[in-house]
Amino acid sequence: MLQELSITNFAIIEQLDIAFENGMTVLTGETGAGKSIIIDAVGLLAGGRGSQEFIRTGADKAVLQGMFILPADGVTARMLDDAGIDHADNTVILQREIAKSGRNTCRINGMLVNTTTLKRIGETIVDIHGQNEHQELMQPEKHLGLLDEFAAQKVQKLKATYAQQYDDYQQLSQELRQKNTNEKEWAQRLDMLNFQVDEIAAAQVKVGEEADLTAERDRLDNYQTINQALQQSYSLLTAEEETPGAVDIVGTAMNALEPIANLDSAFNDITVNVKNAFYALQDAAGQISNQLDLQEFDEGRLDEIEQRLDVLSQLKRKYGDSEQQILDYYKKIAAELAKMTDSEENSEDLSQRVAEQKAALLKTGQALSDKRRTCAKSLQRQIHQELKDLYMDKAIFEVRFKPTKGQIYRSGLDSVEFYIQTNPGERMRPLAKIASGGELSRMMLALKTIFSESQGITSIIFDEVDTGVSGRVAQAIAEKISGIAKFSQVLCITHLPQVAAMADHHYFIAKKITGHRTKTSVAKLAQPDRVQELARMLAGTKVTKLSLEHAEELLRLASEEKVD
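Residues numbered from 1 in each chain as written. Predicted model: local features only at pLDDT ≥ 70, side-chain atom pairs only at ≥ 80, totals over all residues. Heavy atoms only, no water.

Enquirer: Just checking my understanding: could you explain the sheet that holds strand E10 (residues 415-421) for this structure?
Expert: Taken in spatial order, the 3 strands make up an open sheet running E9-E10-E11, and their pairing is antiparallel. Of all strands in the sheet, those bounded by a partner on one side alone are strand E9 (396-402) and strand E11 (429-430). For E10 and E11, the ladder comprises 2 bridges, and the chain directions are antiparallel. Following the sheet pairing, Tyr 419 is matched in E11 by Pro 430. Against the sheet, helix H4 (residues 143-151) engages E9 and E10, with an angle of about 90 degrees to E10. Docked against the sheet, helix H13 (residues 350-389) engages E9 and E10, running at close to 160 degrees with respect to E9. (Pairing = 2+ DSSP bridges. Helix = DSSP H or I, 4+ residues; strand = E, 2+ residues; numbered from the N terminus. Contact = heavy atoms within 4.5 Å. Axes fitted to C-alpha atoms, helices over the stretch in contact; angles between N-to-C directions.)

Here you go:
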């Protein structure tokens, strides 16, 4: 339900904060006071179309905020979860700012969202019905969903089974279409995958192999240079006949320094450095000797390496920039080849599987359709009863199942639209094309009364839906709106005293001119003020004793009606 509403610089409203409660709330006041503007603000919070024209003259932006309390396991909660929006305390705060610059900012619980998301979620929270608006019940494409909501548990299991069978059928059909329309491409693709898989598998690629082979090739290519450098350096480091090498010379220097190493720290440092140099040169000479022992030129090995590097180079040009990318590509195409091979093996029975799946789908779809038609008759009976209560006992309501010409939809095999005949002798017409304001109001209330419990919408708003009715019809409408308020919070703008009297909460909207500017204010009416306001609605400009008595009587009768 809508708990709090804050409006800033919106139309003629400078600042307005209203706290709402559960049940039925009416907003009354003189024409032009701003009642419908408040409803417009709620509509924008629920994702309605906004424009700069809504910004109050002289302001830079209009700011709207609404706090709603929701059931923990309702459709709104699931949609918030899907959108990643936190709602741990079952509270949803919708915010919207419309700036002169054209910037339109929407937030849900502080998270920025686009208007599409705001509208999609807002429609599950608030349902606004005005005299000339086409809301959910006036959209034929949504009538099947409404019928299913009415049928509830009676069709839920069948719908779930049908949806799964439909998805399976679509997948199989797609495979069959792809195979039939692309047989040539399929065969070419299969041949190519076979060749590529065989080529990569035969190469036995290993990660890091190219780097190792390149290093070995470079050594073989530079064998003479490397060998000469090693021989020369080894000769200079080691003794050769009577000529001392660098290692021996440094060793002699080390021995010469030993006697003075303890006389001074400086001498000791020099001795240590020379010792380190001596041992380092010894190690280097040993390493060079080892490398000389390993030196071997194998021309056959060099040719083998060149050939292997050429193979790897060709694979890289085709399948990736590295051994790892080649192996990743191999894994991908091997899986695709396995799937295609399996499909080839099963291609003979694919058409049969599609036919069998379609048969199962049609069987479930027909069972679902039969169940819907049974529930549709029950809905028609309930609607007729509601219309009778609203003094439209001659009206005929029909849930019409329209031909689908063999089409199969994810929702089933049915296309449904609500039809109505409001007067004897007239033809049945689509509900969406009803012209009479009074008839439309009553038809909508009849449907709302039945659907209010199943739809799960927490706030239903009626914006002057009682236009064009009076007398006993007005009283019947008032009772229906009060009945809807048992399942959902109802906000209602009305000019009918009968409707206002049935409300649980009554707000009076007024406007005044201050400093050449119009300002709107709202006040919750206590019992004495309600009597005064109802008397004004009954009498017009001049409130009389009789109108006051009539107002008190209306409130008393309304109280008794709600108790019953």
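Still more to cover.
Enquirer: Explain the sheet that holds strand E1 (residues 2-10) to me, please; I cannot follow it from the model alone.
Expert: Spatially, E2-E1-E4-E5-E6-E7 is the arrangement adopted by the 6 strands of the open sheet, whose pairing is antiparallel. Taken across any chain shown, the strands that pair with only one partner, and hence form the sheet edges, are strand E2 (13-19) and strand E7 (111-113). Direction aside, the axes of adjacent strands within the sheet are offset by 15 degrees on average. Pairing of strand E6 (residues 104-108) with E7 involves 3 bridges; the strand directions are antiparallel. By the bridge assignment for E7, Arg 107 is matched with Leu 112. Most of the contacts of helix H1 (residues 35-45) go to E1, to which it runs at about 105 degrees, and overall it touches E1, E2, strand E4 (61-69) and strand E5 (91-99).

Enquirer: Explanation requested: the nonpolar core in the structure shown.
Expert: Taken as a class, soluble globular proteins show a tendency for nonpolar side chains to be buried jointly. By size, the foremost hydrophobic cluster in this structure holds 57 residues, and its most contacted members are Leu 379, Val 399, Phe 418, Ile 481 and Val 499. Excluding its chain neighbours within four sequence positions, the residues that come into contact with Ile 481 are Met 24, Leu 445, Phe 462, Val 490, Cys 492 and Val 499. In this structure, Ile 7, Ala 41, Ala 46 and Ile 85 belong to the second largest nonpolar core, which totals 43 residues. (Core = buried A, V, L, I, M, F, W, Y, C linked by side-chain atoms within 4.5 Å. Buried < 20%, exposed > 50% of the residue type's maximum accessible area, 1.4 Å probe, protein only.)

Enquirer: Would you mind showing me how to read the environment of Phe 54 here?
Expert: With respect to the element layout, Phe 54 can be found in the loop between H1 and E4. Separated by 44 residues in sequence, Phe 54 and Ile 98 have C-alpha atoms that sit 8.1 Å apart. Leave out the neighbours within four places in its chain, and Phe 54 touches Asn 9, Phe 10, Ala 11, Leu 44 and Arg 49.

Enquirer: What should I look at first to understand the side chain of Thr 271 in this one?
Expert: Relative to the helices and strands, Thr 271 resides in helix H10 (residues 265-294). Residue Thr 271 is classed as buried on the basis of its relative accessible area, which comes to 3%. Residue contacts for Thr 271: discarding those within four places in its chain leaves Leu 257, Glu 258 and Ala 261.

Enquirer: Please clarify how the packing of H4 against H13 should be interpreted in this entry.
Expert: Geometrically, a packed helix pair is captured by the angle between its two axes and the distance between the axes. Packing of H4 against H13 leaves a shortest axis separation of 10 Å and a crossing angle of 85 degrees. Classed by the angle they form, the pair H4 and H13 counts as roughly perpendicular. Between H4 and H13, the contacting residues are Leu 144, Leu 147, Asp 148, Phe 150 and Ala 151 on the first element and Arg 372, Cys 375, Ala 376, Ser 378, Leu 379 and Gln 382 on the second. Of the residues in the contact of H4 with H13, the class split is 7 nonpolar, 2 polar and 2 charged. (Parallel < 35°, antiparallel > 145°, perpendicular 65-115°, else oblique. Nonpolar A, V, L, I, M, F, W, Y, C, P; charged D, E, K, R; others polar.)

Enquirer: Could you clarify how one ought to interpret the side chain of Gln 380 in this entry?
Expert: Relative to the helices and strands, Gln 380 is located in helix H13. Using a relative accessible area of 18% as the deciding quantity, one classes Gln 380 as buried. Within the local environment of Gln 380, its side chain forms a polar contact with the backbone nitrogen of Val 399, the two atoms lying 2.8 Å apart. (Polar contact = N/O pair within 3.5 Å; in protein donor to acceptor, adjacent residues only side chain to side chain.)

Enquirer: Sorry, what's going on with the packing of aromatic side chains here?
Expert: The relation between two aromatic rings is expressed through the spacing of the ring centres and the mutual angle of the planes. According to the stated counting rule, one finds 6 aromatic pairs in the structure shown. Ring geometry for Phe 278 versus Tyr 279: centroids 5.4 Å apart, planes at 65 degrees, classification edge-to-face. A relative accessible area of 12% means that Phe 278 is categorised as buried. Seen from the ring of Phe 401, Arg 373 lies directly overhead, with NZ or CZ sitting 4.2 Å from the centre. (Phe/Tyr/Trp six-rings, centres within 6.5 Å; stacked < 30°, edge-to-face > 60°. Lys NZ or Arg CZ within 6 Å of the ring centre and 35° of its normal.)

That's the geometry; what it means functionally is another story.
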